[in-house]
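# Observations on the three-dimensional arrangement
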Amino acid sequence: VHDWGWRVPFILALVPGLISVWGRRFMPESEAYLEEQTIAREKSAARIEGGVDAADVQAAAAREKSVRNVVTNHSSNILIGVGGVASFAVLQYGGFVWTSSFLAKRGMPPSGSMLASLTARVLMILLALPVGWLTDRKGIAWVVFTAAAALAVCGLPFFMVLDAYPTNVPIVVAVVGVGYAILGALGGSTFFFYVVELFP
């Protein structure tokens, strides 16, 4: 397992990657996108023929002003978004990466750690659709708040269980493979939509 086990997650990721490439290659563009492309090509051709247009200069100035406007008027939303993304990055790193090295130092065999991580990733993938459905029913803010509250409540108890039973594979799979996976699915499946909604 030591020689080839690290390849398993990459092989498993190949399937959804190939499906994405196939879907992107054969999925037709929407009518709205095609219309926008046609208009953009016509404007580009007109710009080449007529030189620089004053409207283009005004549009560039408006874009620069809009970035400054977002930073000035929505700084609290930016901080909430950055803080939220950082908190779920800590869950991803602490729950999956750091926990594996912590358990290895405490005597967990690599196969047990890999089983827990693989179980977590598979469960997160399987929970993505139900979490999306829950988000549609309850709203993004409700799901993200629930994930954050669950992480705040469960983080220390999960760690204490792992600290007490670092070599017990079923317990590690239950905590990392199921517990962290549920927290990761709740937060990770919808969190970036929450960040988008911060900026109406």
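These numbers were taken from a predicted model, which means no experiment stands behind them. All chains use their own residue numbering, which begins from 1 and follows the written sequence. Reporting of local features is limited, given that this is a predicted model, to residues whose pLDDT is at least 70; pairs of side-chain atoms are given and counted only at 80 or more, and all residues count toward the totals for whole chains, interfaces and linings. To obtain the side-chain values, all non-hydrogen atoms of the structure were included, while hydrogens and water were left out.

Before going further, it helps to spend a moment on the overall build of the protein chain. Under the scheme used here, helices are H or I runs from DSSP no shorter than 4 residues and strands are E runs no shorter than 2 residues, and both carry numbers assigned from the N terminus. When helices and strands are tallied, the protein chain shows eight helices and zero strands. The N-to-C order of helical and strand elements in the protein chain reads α-α-α-α-α-α-α-α. When accessible area is computed with a 1.4 Å probe and restricted to protein chains, residues below 20% of their type maximum are described as buried, those above 50% as exposed, and intermediate ones as partly exposed. Counting all 200 residues of the protein chain, 22% fall into the buried class. For the protein chain, the computed accessible surface area is about 13,600 Å², with 70% contributed by carbon and sulfur atoms. Per-residue and other accessible areas were derived by the Shrake-Rupley procedure at a 1.4 Å probe size, with only the shown protein chains allowed to occlude residues.

What follows deals with the packing of aromatic side chains. Pairing of aromatic side chains requires ring centres within 6.5 Å, counting the rings of Phe and Tyr and the six-membered ring of Trp. Pairs whose planes differ by under 30 degrees are stacked, by over 60 edge-to-face, and all others tilted. Counted under the stated rule, the structure contains five aromatic pairs. Where Phe-158 meets Tyr-180, the ring centres are 5.5 Å apart and the plane angle is 75°; that geometry is what we call edge-to-face. Linking Phe-158 in helix H6 (residues 140–164) with Tyr-180 in helix H7 (residues 169–188), this pair joins segments that are 22 residues apart in sequence. Given a relative accessible area of 17%, Phe-158 falls into the buried group. Since its relative accessible area comes to 7%, Tyr-180 is described here as buried.

Here the focus is helix H1 (residues 8–26). Side chains of residues three or four places apart in an α-helix project in the same direction, reflecting 3.6 residues per turn. How far a helix is expected to stretch is found by multiplying one less than its residue total by 1.5 Å. The terminal C-alpha atoms of H1, which comprises 19 residues, lie 28 Å apart, in line with the 27 Å expected from a rise of 1.5 Å per residue. With one of 19 residues buried, H1 is to be regarded as a mostly surface element.

Before going further, it helps to spend a moment on H6. Between its terminal C-alpha atoms H6 stretches 35 Å, which fits the 36 Å expected from 25 residues at 1.5 Å a residue. The largest bend along H6 measures about 40° and falls at Cys-154, with the proline Pro-157 one to four residues further on. Listing the buried residues of H6 in full gives Ile-140, Val-143, Val-144, Ala-147, Phe-158 and Leu-162. We call two residues contacting when some pair of their heavy atoms lies within 4.5 Å. On the buried face of H6, the contacting elements are helix H4 (75–105), helix H5 (110–138), H7 and helix H8 (191–197). Two axes enter the definition of the bend at a residue: one is fitted to the seven residues ending there, the other to the seven starting there, and the bend is the angle between them.

For salt bridges, the criterion is a side-chain nitrogen of Lys or Arg within 4 Å of an Asp or Glu carboxyl oxygen. Inspection of every chain in the model, using the stated rule, returns one salt bridge. Residue Asp-163 is joined to Arg-106 by a salt bridge in which the shortest nitrogen-to-oxygen separation is 2.3 Å. Highlighted residues: Asp-163 in helix H6 and Arg-106 in the loop between H4 and H5, separated in sequence by 57 residues. With relative accessibility at 32%, the residue Asp-163 sits in the partly exposed group.

Quick look at the layout of surface pockets now. Points on a 1 Å grid, built from protein atoms alone, make a cavity when a 1.4 Å probe fits but cannot get out and make a pocket when they are open with protein on both sides within 12 Å along at least 5 of 7 lines; residues with an atom within 4 Å of a point are the lining residues. Grid points are joined across faces, edges and corners, and a volume is the space filled by probe spheres set on the points. Its volume calculated, the largest pocket comes out at about 640 Å³. Lining the largest pocket are 23 residues, and of these Pro-9, Ser-117, Leu-118, Arg-121 and Val-122 lie nearest its centre. Put simply, the parts of the chain that give the lining of the largest pocket at least two residues each are H1, H4 and H5. The greatest single-element share of the lining of the largest pocket, amounting to eleven residues, is contributed by H5. Its residues assigned to classes, the lining of the largest pocket comprises 17 nonpolar, five polar and one charged. In this structure, the second largest pocket spans a volume of roughly 160 Å³. At seven residues, the largest contribution of residues to the lining of the second largest pocket is made by H4. Side-chain classes follow a simple rule in which Ala, Val, Leu, Ile, Met, Phe, Trp, Tyr, Cys and Pro form the nonpolar group, Asp, Glu, Lys and Arg form the charged group, and the remainder, Gly included, forms the polar group. A class-by-class count of the residues in the lining of the second largest pocket yields seven nonpolar, five polar and no charged.

Buried Ala, Val, Leu, Ile, Met, Phe, Trp, Tyr and Cys residues form a nonpolar core when they are joined through side-chain atoms within 4.5 Å. Ranked by size, the top nonpolar core spans 27 residues in total, and within it Phe-88, Phe-96, Leu-103, Leu-162, Val-172, Val-176 and Tyr-180 carry the most contacts. Looking at this core, the elements that each hand over two or more residues are H4, H5, H6, H7 and H8. It is H7 that provides the largest number of residues to this core, a total of nine residues. If we skip the residues at most four places from it in the chain, Val-176 touches Gly-95, Phe-96, Thr-99, Ala-116, Ala-120, Leu-162 and Ala-181.

The subject of this paragraph is the packing of H4 against H7. One can describe the packing of H4 onto H7 by two numbers: an axis separation of 10 Å at closest approach and a directional angle of 165°. The angle between the axes of H4 and H7 places the two elements in the roughly antiparallel class. The interaxial crossing formed by H4 with H7 has left-handed handedness. Between H4 and H7, the residues in contact are Phe-88, Leu-91, Gln-92, Gly-95, Phe-96, Thr-99 and Leu-103 and Val-172, Val-176, Tyr-180, Ala-181, Leu-183, Gly-184 and Gly-187, respectively. Broken down by class, the residue content of the contact of H4 with H7 amounts to nine nonpolar, five polar and no charged. Axes, fitted as lines to C-alpha atoms, cover a helix only where it is in contact. Angles between the N-to-C directions of the axes lie from 0 to 180 degrees. By definition in this entry, angles of less than 35 degrees are roughly parallel, angles greater than 145 are roughly antiparallel, angles of 65 to 115 are roughly perpendicular, and the rest are oblique. Here is the rule for handedness: rotate from the far helix to the near one, and if that takes an anticlockwise turn smaller than a right angle the crossing is left-handed, while a clockwise turn gives right-handed.

Bear in mind that shape data such as this cannot, by itself, settle questions of function.
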